[in-house]
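Here is what each chain is made of, one letter per residue.
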Amino acid sequence: MASNVGSGGTGQGSPFFPSPAPAPAAPPASPTGTTPSTTTGSTGTAKPPTSLKARVAAVPGLDPAHLKAAGQPELQQVLESLLGALKNLSDADLQLGEKHGDGSLRITSHLAVWLIGKVTDAYGSKLVRLSKVTDRESLRSISGLANLLTNAIANKQGVTTA
């Protein structure tokens with residue numbers, strides 16, 4: 001079998017991989033010497049952070065004190081904000097997503113696991129053992145997941161739930 005690797009030919013690129021797109025030009029510097037990504041927009045508000053870690057860190061209510069005191073609606077809002085941070089969407093854009101039968105946002109079980117992990121990290125101790133979740137449907141909506149986590153936090157604190 002013959003190979004043309006390293007032959008220096010100028011023929012078309014590999015049929016398996018598209019040829020790389022040219023790198024975009026760097027944004028022009030403003031008169032102050034900063035790039036547009038680090039400045040404020042025309043409304044004067046800062047643009048959202050671009051890295052996932054920074055977006056997750058900016059989610060309000062993702063701290064142990066808030067999570068311990070939060071009810072189901074507050075925890076649902078935290079989960080929606082986390083999902084928005086993950087997908088880099090505003091709350092308004094996020095609400096345009098597919099709805100579950102319970103009226104909240106539909107999520108995949110993979111997203112539910114990620115959200116549980118972020119809440120668990122913020123809370124500081126293990127909250128949910130996935131193998132013990134009897135209602136798998138609770139892992140398919142933001143509302144169901146908020147209810148599951150609210151009950152798990154209440155159980156950790158020794159509070160009985162209805």
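Below you will find a few notes about this structure. Please read these numbers as outputs of a predicted model, since none were measured by experiment.

1. Looking at helix α6 (residues 142-156)
Counted at 1.5 Å a residue, the expected span for α6 with its 15 residues is 21 Å, and the 21 Å between its end C-alpha atoms agrees. Buried residues dominate α6, accounting for eleven of its 15 residues. Those residues of α6 that fall on the buried side of the exposure criterion are Ile142, Ser143, Gly144, Leu145, Ala146, Leu148, Leu149, Thr150, Ala152, Ile153 and Ala154. Where the residues of α6 are buried, they touch α2 (64-69), α3 (72-87) and α5 (109-123). Among the residues trailing α6, Gly158 stands out with phi positive, at a value near 80°.

2. Digging into the packing of α3 against α5
Viewed as axis vectors pointing N to C, α3 and α5 meet at an angle of 110°, and their least axial separation amounts to 11 Å. Taken as axis vectors, α3 and α5 run roughly perpendicular relative to one another. For the pair α3 and α5, the sense of crossing is right-handed. Of the residues in α5, those in contact with Leu79, Leu82, Leu83, Leu86 and Lys87 of α3 are Leu111, Trp114, Leu115, Lys118 and Val119. Partitioning the contact of α3 with α5 into residue classes produces eight nonpolar, no polar and two charged.

3. Considering the pattern of salt bridges
Counted according to the given criterion, the structure contains two salt bridges. With a shortest N-O distance of 3.2 Å, Glu98 and Arg106 are connected by a salt bridge. Take Glu98: its relative accessible area is 55%, and that puts it in the exposed class. The closest approach of N and O atoms between Arg140 and Glu137, which form a salt bridge, is 3.5 Å. Overall, Arg140 belongs to the partly exposed group, its relative accessible area being 35%. For Glu137, a relative accessible area of 36% gives the class partly exposed.

4. Details of the packing of aromatic side chains
Enumeration over the complete set of coordinates arrives at zero aromatic pairs. Looking at Lys68, its charged tip hangs above the ring of Tyr123, at a distance of 5.7 Å from the centre.

5. Thoughts on the nonpolar core
Membership of the largest hydrophobic core comes to 31 residues, with the highest contact counts inside it found for Leu145 and Leu149. Elements with a minimum of two residues in this core: α3, α5 and α6. Once you skip the residues sitting within four places of it in the chain, Leu149 turns out to touch Leu75, Leu79, Ile116, Val119, Leu127 and Val128.

Criteria and thresholds
Residues numbered from 1 in each chain as written. Predicted model: local features only at pLDDT ≥ 70, side-chain atom pairs only at ≥ 80, totals over all residues. Heavy atoms only, no water. Helix = DSSP H or I, 4+ residues; strand = E, 2+ residues; numbered from the N terminus. Expected span 1.5 Å × (residues − 1). Buried < 20%, exposed > 50% of the residue type's maximum accessible area, 1.4 Å probe, protein only. Contact = heavy atoms within 4.5 Å. Axes fitted to C-alpha atoms, helices over the stretch in contact; angles between N-to-C directions. Parallel < 35°, antiparallel > 145°, perpendicular 65-115°, else oblique. Left-handed = near helix turned anticlockwise from the far one by under 90°. Nonpolar A, V, L, I, M, F, W, Y, C, P; charged D, E, K, R; others polar. Salt bridge = Lys/Arg side-chain N within 4 Å of Asp/Glu carboxyl O. Phe/Tyr/Trp six-rings, centres within 6.5 Å; stacked < 30°, edge-to-face > 60°. Lys NZ or Arg CZ within 6 Å of the ring centre and 35° of its normal. Core = buried A, V, L, I, M, F, W, Y, C linked by side-chain atoms within 4.5 Å.

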